[in-house]
Amino acid sequence: MKEVELPLTNKCNWHCDYCVADIHNQPELPFEEVLRRVNAIEPGTEVTFGGGEPGLLKREQLELIIKILKDKGCVIDLLTNGLFFKRHMPLVHEFGKIHYHCVEYLPGEIEFPNLELDHVAYGLVVTNTNFLDGSIHKMIDTYPHIKFLLLPDVRSQKKISLNLMMDFFNKHGDKVHPGSLEEFITVVARWH
């Protein structure tokens, strides 16, 4: 199955330092351009809504995009910082996988709704800094009911030590999402 990430907007309500999209320095993406891209997607494609934050779109815009893609037999996934849940919870059932990326230094802005959905993965971006200062450990300990998907920061100057992560997985692997180790192995393979 072909996979495509579909940016729906360049707007975001967060300013994450790990964001590789540099969206805050981009012009806004007109909805007409988003629709043009949606219509160009091949039937049967796995499409991940991204951006910016897809939750900033209007409900009717999202419903139209979802309808077009579902009519093409596409599987739709979502990448969100959680705003989507606050604004568009009735649409959550439309997605195959939901990746909820979290930031360990924004605890007042992060909410972990009790979604009871097995297709939601809560992702934390890991750098040497937030790993060594204990931030990642604190998030895992603060929310023991969530198995966070640990994601390595892909920026070269922020590479996490593979030895540190292997030690962590060996000691605390039961506390994190099982896909975490695979994410690290995939990214490390690209570094070499």
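In what follows, the structure referred to is the one given above.
Just so we're clear, the structure is a prediction, and the values are computed from it rather than from any experiment.

Cut-offs applied
Residues numbered from 1 in each chain as written. Predicted model: local features only at pLDDT ≥ 70, side-chain atom pairs only at ≥ 80, totals over all residues. Heavy atoms only, no water. Axes fitted to C-alpha atoms, helices over the stretch in contact; angles between N-to-C directions. Helix = DSSP H or I, 4+ residues; strand = E, 2+ residues; numbered from the N terminus. Parallel < 35°, antiparallel > 145°, perpendicular 65-115°, else oblique. Left-handed = near helix turned anticlockwise from the far one by under 90°. Contact = heavy atoms within 4.5 Å. Nonpolar A, V, L, I, M, F, W, Y, C, P; charged D, E, K, R; others polar. Buried < 20%, exposed > 50% of the residue type's maximum accessible area, 1.4 Å probe, protein only. Pairing = 2+ DSSP bridges. Right-handed = clockwise from strand over helix to strand, strands pointing away. Patch = residues over 30% accessible without salt bridge, like charges linked within 9 Å, V, L, I, M, F, W, Y side chains within 5 Å. Areas by Shrake-Rupley, 256 points an atom, 1.4 Å probe, with all protein chains shown as cover. Salt bridge = Lys/Arg side-chain N within 4 Å of Asp/Glu carboxyl O. Arc of directions from axis to C-beta.

K.L.:
Mind showing me how you'd approach the packing of helix α1 (residues 31-40) against helix α2 (residues 59-71) here?
P.N.:
The description of two helices packed together rests on the angle between their axes and the distance between the axes. Packing of α1 against α2 brings their axes to within 10 Å, and their N-to-C directions diverge by 15°. Taken together, the axis directions place α1 and α2 in an arrangement best described as roughly parallel. Where α1 crosses over α2, the two elements pack in a sense that is right-handed. Where α1 approaches α2, its residues F31, V34, L35, V38 and N39 are matched on the opposing element by Q61, L64, I65, I68 and L69. Looking at side-chain class alone, the contact of α1 with α2 contains eight nonpolar, two polar and no charged residues.

K.L.:
Whenever I open this one, the pairing of strand β4 (residues 98-102) confuses me. Can you help?
P.N.:
Here is the key point about a regular strand: its side chains alternate between the two faces of the sheet. For β4, the tally of buried residues reaches four of five residues, placing the bulk of the element in the interior. Sheet analysis places strand β3 (residues 75-80) next to β4, joined by three bridges and oriented parallel. Bridging from a neighbouring strand, T80 pairs with Y100 of β4. Read from β3 through helix α3 (residues 83-88) to β4, the crossover connection turns out right-handed. When β4 meets strand β5 (residues 120-126), the two strands line up parallel, connected through five bridges. By the bridge assignment for β5, I98 is matched with V120.

K.L.:
Sorry, what's going on with a nonpolar patch on the surface here?
P.N.:
Among the surface-exposed residues, L162, M166, L181 and I185 lie close enough to one another that they form a single nonpolar patch of about 300 Å² accessible area. Taken together, the elements giving at least two residues each to the nonpolar patch come down to α6 (162-172) and α7 (180-191). Take M166: it is sitting in helix α6. Among the residues examined, M166 registers a relative accessible area of 31% and is labelled partly exposed.

K.L.:
Just to check I follow, could you spell out the sheet that holds strand β1 (residues 3-7) for this structure?
P.N.:
Two orientations exist for strands paired in a sheet by backbone hydrogen bonds: parallel and antiparallel. Strand order in this open sheet of six strands is β1-β2-β3-β4-β5-β6, and the pairing throughout is parallel. Since the sheet does not close on itself, it has two edges, and those belong to β1 and β6 (149-152), each with one partner. Within the sheet, the average angular offset between the axes of one strand and its neighbour, ignoring direction, is 25°. The sheet contacts of helix α5 (residues 135-142) involve β5 and β6, and relative to β5 the element is tilted by about 155°.

K.L.:
Where do I start with α1 in this structure?
P.N.:
Along an α-helix, a turn takes 3.6 residues, which lines up residues three or four apart on a common side. Among all positions of α1, only F31, V34, L35 and V38 are buried. Down the axis of α1, the sector holding all buried residues measures 100°, keeping them to one side. Exposed residues lying more than 90 degrees from the buried face of α1 are E32, R36 and A40. On its buried face, α1 is in contact with β1 and α2.

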